[in-house]
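An overview of the molecular structure
For reference, the chains in residue letters:
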Amino acid sequence: MKSLFNSEAHEEILSRVNQLSASSERQWGKMEVGQMLHHCQFPLKIALGSHRMGKPSPILKFMSKFFKKSLYNDKPWRQGLPTARDLKVVDDKDYNEERKVLIGLINDFHQEKDKKEWDPHPAFGSFTPEQWGQMQYKHLDHHLRQFNV
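What you see as residue numbers is a count from 1 along each chain, following the sequence as written. The predicted nature of this model means local features are confined to residues of pLDDT at least 70 and side-chain atom pairs, given and counted, to a pLDDT of 80 or more, with totals for whole chains, interfaces and linings taken over all residues. Excluded from the side-chain calculation are hydrogens and water; included are all heavy atoms of the structure.

**Points about the side chain of Gln134**
With respect to the secondary-structure elements, Gln134 resides in helix α6 (residues 129–146). Between two residues, a contact is recorded if the distance between any of their heavy atoms is within 4.5 Å. Apart from the residues lying within four places of it in its own chain, the contact partners of Gln134 are Met1, Lys2, Ser3, Leu71 and Tyr72. Going along the chain from the N terminus, every DSSP run of H or I of four or more residues is numbered as a helix, and every run of E of two or more is numbered as a strand.

As structure tokens, this is what we get:
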């Protein structure tokens with residue numbers, strides 16, 4: 001599985017983000033491109049400690065045990081997966097601003113490639129550094145595929 005901590009994967013993701021435009025059309029889902037760029041910031045901010053999710057429901061906490069490995073394994077996520085309530089974006093977002101912020105967060109996360117200790121994810125618990133990098137790559141890849149890049 002590719003990892004956002006890997007330099008080649010990092011450059012690939014940045015290149016794909018730069019292939020988007022304000023008029024990029026989704027292949028599935030409800031988000032417009034600016035909303036997707038904003039949404040993709042949440043997992044990076046969670047990992048970097050600058051976004052706090054609400055406490056997960058006991059049901060989500062229990063269910064997360066069954067699909068935690070799918071967050072960082074080689075199998076692509078299927079189209080149309082539900083989005084956690086705290087991570088939904090329904091307001092219109094400025095494409096240029098959201099793209100700029102996302103690129104900054106992707107770079108900030110990549111700079112943490114040598115970090116050994118990570119806080120647990122609020123819904124899924126502990127991940128190894130390798131799993132954090134894989135999970136971030138997989139989420140970004142999923143949404144970039146959503147917009148055909």
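The structure having been displayed, the exposition proceeds.
**Considerations on the environment of Tyr72**
Examined against the element boundaries, Tyr72 turns out to sit in the loop between α4 (58–67) and α5 (95–111). In this scheme, a residue with accessible area under 20% of its type's maximum is buried, one over 50% is exposed, and one in between is partly exposed, where area comes from a 1.4 Å probe on protein chains only. The exposure class of Tyr72 is buried, given its relative accessible area of 15%. Note: C-alpha distance between Tyr72 and Ser50 (22 residues apart in sequence) is 21 Å. The contacts of Tyr72, once residues within four sequence positions are left out, are Met1, Phe127, Gln131, Gln134, Met135 and Lys138. Polar contacts, as used here, are pairs of N or O atoms within 3.5 Å; protein pairs need one atom able to donate a hydrogen and one able to accept it. Residues neighboring in sequence count only if both atoms are side-chain atoms. At a separation of 3.2 Å, a polar atom in the side chain of Tyr72 contacts the side chain of Gln131.

**With respect to α6**
An ideal rise of 1.5 Å per residue puts 26 Å on 18 residues; α6 measures up with 26 Å between its terminal C-alpha atoms. The buried fraction of α6 is high, at 15 of 18 residues. In a helix, the anticipated span is given by 1.5 Å times the number of residues less one.

**Things to note about the packing of α5 against α6**
Fitted lines through C-alpha atoms serve as axes, helices being fitted only where they are in contact, and the angles separating the N-to-C directions of these axes extend from 0 to 180 degrees. Following both chains from N to C, one finds α5 and α6 inclined at 160°, their axes separated by 12 Å at the closest point. The orientation of α5 relative to α6 falls into the category roughly antiparallel. Here α5 and α6 pass one another in a crossing that is left-handed. Judged by residue contacts, Leu102, Ile106 and Phe109 of α5 engage Trp132, Gly133, Gln136 and Leu140 from α6. Lys, Arg, Asp and Glu make up the charged group, whereas Ala, Val, Leu, Ile, Met, Phe, Trp, Tyr, Cys and Pro make up the nonpolar group; the residues left over, Gly among them, are polar. Looking at the contact of α5 with α6 residue by residue, the class counts come to five nonpolar, two polar and no charged. Here the angle decides the label: under 35 degrees means roughly parallel, over 145 means roughly antiparallel, 65 to 115 means roughly perpendicular, and every other value means oblique. Should the near helix be turned counterclockwise from the far one by less than a right angle, the crossing is left-handed, whereas a clockwise turn marks it as right-handed.

**A short note on the packing of aromatic side chains**
To pair, rings of Phe, Tyr and Trp, with the six-membered ring standing in for Trp, must have centres within 6.5 Å; the planes then decide the type, stacked if under 30 degrees apart, edge-to-face if over 60, and tilted in the middle. Evaluated as defined, the whole model comprises six aromatic pairs. Their ring planes at 10° and their centres at 4.6 Å tell us that Phe5 and Phe109 sit as a pair that is stacked. Remark: Phe109 occurs in helix α5 and Phe5 occurs in the segment before α1 (7–19); sequence separation between them is 104 residues. With a relative accessible area of 12%, Phe5 lands in the buried category. Exposure remark for Phe109: the relative accessible area of 0% places this residue in the buried category.

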